[in-house]
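Structural overview
The residues making up each chain are set out below.
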Amino acid sequence: AIGFKEATAVQEEAIPVILKGKDIIASAQTGTGKTAAFLLPVMHKIIQSKKQDGHIQALVIVPTRELAVQIDQQLEGLSYYTDVSSIAVYGGGDGNSFNREKKALSEGADVVIGTPGRLIAHLNMGYVKIDQLETLILDEADRMLDMGFNEDIMKIISFMPKKRQNLLFSATMPPKMRELAKKILDEPEEISIAISKPAERVVQAAFVVYDTQKIPLVKHILSAKKLKSVIVFCSTKTSAKELNKELRKMDFSSRDIHSDLDQQEREKVLREFKNRELNILVATDILPRGIDVEDI
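Residues numbered from 1 in each chain as written. Predicted model: local features only at pLDDT ≥ 70, side-chain atom pairs only at ≥ 80, totals over all residues. Heavy atoms only, no water.

**Some words on helix α11 (residues 263-274)**
We count it as follows: Put simply, DSSP H or I for four residues or longer makes a helix, DSSP E for two residues or longer makes a strand, and each gets a number counted from the N terminus. Expected helix span is taken as 1.5 Å per residue step, with the number of steps being one fewer than the number of residues. A simple rule labels every residue: compare its accessible area, found with a 1.4 Å probe on the protein chains alone, to the largest value its type can have, and call it buried under 20%, exposed over 50%, or partly exposed in between. Contacts are assigned to residue pairs that have any heavy atoms within 4.5 Å of one another. Any N or O atom pair separated by 3.5 Å or less is treated as a polar contact, with the protein-specific requirement of one donor-capable and one acceptor-capable atom, and with residues adjacent in sequence counted only for side-chain atom pairs.
With 12 residues, α11 extends 16 Å from end C-alpha to end C-alpha; this agrees with the ideal 16 Å at 1.5 Å per step. Within the sequence span of α11, burial applies to Q263, R266, V269, L270, E272 and F273. Buried residues along α11 sit in contact with α3 (65-78), β8 (230-233), β9 (254-257) and β10 (280-283). Between the side-chain oxygen of the N-cap and the backbone nitrogen of Q264 there are 3.2 Å, and the N-cap of α11 in question is D262. Positive backbone phi, approximately 65°, marks R276, located one or two places after α11.

**Description of the pairing of strand β6 (residues 165-170)**
For a regular strand, the rule is simple: side chains alternate between the two faces of the sheet. Condition: When DSSP finds two or more bridges between two strands, those strands count as paired.
Burial runs high along β6: six of the six residues are buried. Judged from the four bridges that link them, strand β1 (residues 24-28) and β6 form a sheet pairing that is parallel. Across the sheet, residue I25 finds its bridge partner in β6, namely L168. As judged from the four bridges shared by strand β5 (residues 135-138) and β6, these two strands associate in the parallel manner.

**Some remarks on the sheet that holds strand β7 (residues 189-193)**
Put simply, the rule reads: Every axis in this analysis is a line fitted to C-alpha atoms, fitted for helices over the stretch in contact. Angles between the N-to-C directions lie between 0 and 180 degrees.
The strand order β3-β4-β2-β5-β6-β1-β7 describes an open sheet built from seven strands, whose pairing is parallel. The sheet is open, and its two borders are formed by β3 (86-89) and β7, each paired with just one other strand. Looking at each pair of strands side by side, their axes are set apart by 15° on average, direction ignored. One ladder, built from four bridges, connects strand β2 (residues 58-61) with β5; its direction is parallel.

**What to know about the nonpolar core**
The nonpolar side chains of a soluble globular protein tend to be buried with one another. For the record, the criterion: Among buried residues, the Ala, Val, Leu, Ile, Met, Phe, Trp, Tyr and Cys ones that are joined through side-chain atoms within 4.5 Å form a nonpolar core.
L59, V112, L138 and L168 are the most contacted members of the largest nonpolar core, which totals 35 residues. Top element by residues in this core is helix α8 (residues 175-184). It accounts for four residues. L59 has contacts with V112, L119, I130, L133, T135, L136, I137, I156 and M160, leaving out every residue within four places of it along the chain. By size, the runner-up hydrophobic cluster in this structure holds 31 residues, among which are A37, L75, F169 and I191.

Listed below in structure tokens is the structure:
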């Protein structure tokens, strides 16, 4: 059993609208169950229409490799007793991973989850069977715009059929998000789930400090209470490395994760953190806000 008993607010609102075939623009923060909110109805539609011609039916565009892998794993779990096929497509691997992706895209996996740069690399080569795509999903869309992927997203869309369903999920709704929505959505239904509130049980606090006080403050907070699972976000790779070094000197079980690590190292660090072999993860924003780790 998957363990779902009741639908979350975003699932309750989004699933019926998606099943009707309408476009949506949804404001939903991490932890609200939005991945299942789009995967479940998309899977249902694929199973109902099951085409035999090997064309991609749904494309999920995400900002980072880690999020692509996580959504693909969630889809594998949800679709275990069905014949819905999927593949995660992202950079950072070796030539074998590119060839594996090429084979799956040529044959036509039902659902493709990918990062913009890697998707464009495959689309430009002409073998991606995207002309019969039925559903486009943009997840963490605000983050993708922050990372400068606006043009890449529009380029990917230029390969798609005009008639399709579009689902846009974003934690925030800045003006540039509205502009993107206007360009790609067709009379969307708007869904907004507690956008201004933190998730339940989250206590928020802010400390105004000078730069030189930051590391001592973090060390003090982490020493004051025995915490099992902590993520510390830093604005740069250098500050993440420096903080991790200081924490390890104090015998904390910590690792840093950033773009200087190759894909295999990043996956290993994240796996150790999820398995509780590491207590503290010091990360740059390479770690997406949607990463699912229980009881942080």
